[in-house]
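Observations on chain architecture
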Amino acid sequence: MEYGDVQSMELLVLMVSQDPTKNGVLAVQTIRNNIMASTVLASTAITLSSIIGVLVRTSSDPSAAALVVGNRSATAVSVMYFAVLTCFLLAFLCNVQSLRYYGHVSFLVSTQQPETTEGEVVGVEYIGRALNRGSYFWTPEIHLC
């Protein structure tokens, strides 16, 4: 993620903390849209992984070999399917982690900030870091899908 993206994420959290009645809805909707997009991509990645699993199982069928471009030996086809399957499963895992962080940020932004055991309030920096972590997992999932 680029430095400007990190700054804009932290600015979003800062704006919400300064005037939650005015900017709270914007922040929650932005996070909700990211959660929805991650959910769709996670579902797509796991569905494509399942389809690839079925193709690997039926790869002895000559019609399945027509889907492969290049070397059509059994070993090469298996390696190709495994590589694509690995990419989709990694994309799924990145989606799950992104959803985890975005859900956490959504709760932190939309609720009153609780005090910790030391009497400190959960800071804007903490929420910004959690939002950035969700974005860090969002970036590779987009490149893998």
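Above this text sits the structure in question.
On a predicted model such as this, the values are computed, not experimentally measured, just so you know. (Residues numbered from 1 in each chain as written. Predicted model: local features only at pLDDT ≥ 70, side-chain atom pairs only at ≥ 80, totals over all residues. Heavy atoms only, no water.)

Considerations on the packing of aromatic side chains
- A full pass over the atoms with the stated rule returns 1 aromatic pair.
- With a centroid separation of 5.9 Å and 15° between ring planes, the pair formed by Y101 and F137 is classed as stacked. Highlighted residues: Y101 in helix α4 (residues 74–110) and F137 in helix α5 (residues 124–144), separated in sequence by 36 residues.
- You can call F137 partly exposed: its relative accessible area is 29%.
- Residue placement shows R100 over the ring face of Y101; its charged tip is 4.7 Å from the ring centre. (Phe/Tyr/Trp six-rings, centres within 6.5 Å; stacked < 30°, edge-to-face > 60°. Helix = DSSP H or I, 4+ residues; strand = E, 2+ residues; numbered from the N terminus. Buried < 20%, exposed > 50% of the residue type's maximum accessible area, 1.4 Å probe, protein only. Lys NZ or Arg CZ within 6 Å of the ring centre and 35° of its normal.)

Focus on the nonpolar core
- L12, V13, V16, A27, I31, Y102, V105, L108, V109, I127, A130 and L131 form the largest nonpolar core, which has 12 residues in total.
- For this core, the elements supplying multiple residues, two or more each, are α1 (3–18), α2 (20–57), α4 and α5.
- Looking at which element gives the most residues to this core, the answer is α4, with 4 residues.
- Ignoring sequence-local partners within four residues, the contact set of I31 consists of Y102, V105, S106, V109 and L131.
- In this structure, A45, I52, Y81 and A91 belong to the second largest nonpolar core, which totals 6 residues. (Core = buried A, V, L, I, M, F, W, Y, C linked by side-chain atoms within 4.5 Å. Contact = heavy atoms within 4.5 Å.)

Taken by themselves, the reported measurements are silent on function.
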